[in-house]
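Structure at a glance
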Amino acid sequence: MEAKQIILELRVKNGLSQEELAERVYVTRQAVSRWEQGETVPNTETLKRLSKLFDVSINTLLGSPRKLVCQCCGMPLEEDTLSREPDGSFNEDYCKWCYADGAFVYTSLEQLTEFLVQHMSSETWPPEAVRGYLEAMLPKLKHWQ
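Rules used in this analysis
Residues numbered from 1 in each chain as written. Predicted model: local features only at pLDDT ≥ 70, side-chain atom pairs only at ≥ 80, totals over all residues. Heavy atoms only, no water. Helix = DSSP H or I, 4+ residues; strand = E, 2+ residues; numbered from the N terminus. Phe/Tyr/Trp six-rings, centres within 6.5 Å; stacked < 30°, edge-to-face > 60°. Buried < 20%, exposed > 50% of the residue type's maximum accessible area, 1.4 Å probe, protein only. Lys NZ or Arg CZ within 6 Å of the ring centre and 35° of its normal. Axes fitted to C-alpha atoms, helices over the stretch in contact; angles between N-to-C directions. Parallel < 35°, antiparallel > 145°, perpendicular 65-115°, else oblique. Left-handed = near helix turned anticlockwise from the far one by under 90°. Contact = heavy atoms within 4.5 Å. Nonpolar A, V, L, I, M, F, W, Y, C, P; charged D, E, K, R; others polar. Core = buried A, V, L, I, M, F, W, Y, C linked by side-chain atoms within 4.5 Å. Pairing = 2+ DSSP bridges.

So, the environment of tyrosine 26
With respect to the helices, strands and loops of the structure, tyrosine 26 is situated in the loop between α2 (18-25) and α3 (29-37). Note: C-alpha distance between tyrosine 26 and leucine 8 (18 residues apart in sequence) is 17 Å.

Here we look at the packing of aromatic side chains
What the rule picks out here adds up to five aromatic pairs. Pairing tyrosine 94 with phenylalanine 104 gives two aromatic rings, centres 4.8 Å apart and planes at 85°, and the pair type is edge-to-face. One end of the pair, tyrosine 94, is in strand β2 (residues 90-95); the other, phenylalanine 104, is in strand β4 (residues 103-104), and 10 residues separate them in sequence. The partly exposed category is assigned to phenylalanine 104, whose relative accessible area is 33%. The cationic tip of arginine 84 hangs over the ring face of phenylalanine 90; the distance from NZ or CZ to the ring centre is 4.1 Å.

Topic: the packing of α2 against helix α4 (residues 44-54)
Two elements in contact, α2 and α4, have axes separated by 9 Å at closest approach and are oriented at 110°. Taken together, the axes of α2 and α4 lie roughly perpendicular to each other. The way α2 lies across α4 gives a crossing that is right-handed. Only Thr46, Arg49, Leu50, Leu53 and Phe54 of α4 make contact with α2, whose side of the interface consists of Leu21, Arg24 and Val25. Of the residues contributing to the contact of α2 with α4, the split by class is five nonpolar, one polar and two charged.

A closer look at the nonpolar core
For soluble globular proteins, the rule of thumb is that nonpolar side chains tend to be buried together. One finds Cys70, Cys72, Cys73, Cys98, Leu112, Leu134 and Leu138 to be the most contacted residues of the largest nonpolar core, which totals 21 residues. Where this core is concerned, the elements lending two or more residues are β2, α6 (109-120) and α7 (127-137). If near-sequence neighbours (up to four positions away) are discounted, cysteine 72 is found in contact with Tyr94, Cys98, Leu112, Leu138, Leu141, His143 and Trp144. Listed in part, the 15 residues of the second largest apolar core include Ile6, Val25, Phe54 and Leu61.

A word on the pairing of β2
Counting buried positions along β2 yields five of six residues, so the element is predominantly enclosed. The pairing of strand β1 (residues 82-84) with β2 spans three bridges and is antiparallel. Bridging from a neighbouring strand, arginine 84 pairs with phenylalanine 90 of β2. Hairpin connection between β1 and β2: a loop of five residues separates the two successive antiparallel strands, and glycine 88 in this loop has a positive phi of roughly 95°.

In structure tokens form, the structure reads like this:
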């Protein structure tokens, strides 16, 4: 779905007129109309306000153009697994299990690796194979660089 459809649906779902939405995010009614017509896209600051108002991520507002991955553990991120900052805003870099209440849960790469090996190992993917995969993949993520 495109950003124009998403913004329109969220506005209608929340019972807001274009004028009311414009007032809440400090833009003109014409700006809201242009977004909903697909003529323009909100700027970064306005996207942050819309995200907070509608309680959705910026990535969702933009039609999920990028596939998000937790930059700590590598897990694919969805709307319901995104972490939040202490102010309630979304943090689109980390899952809610690696980053909670403004703090990282895992203090070392080794600690995270041990946790993941215990929970990802199976008969078809033994612990040594999981460990090898994680030791190759995790250091490439932003949090561990």
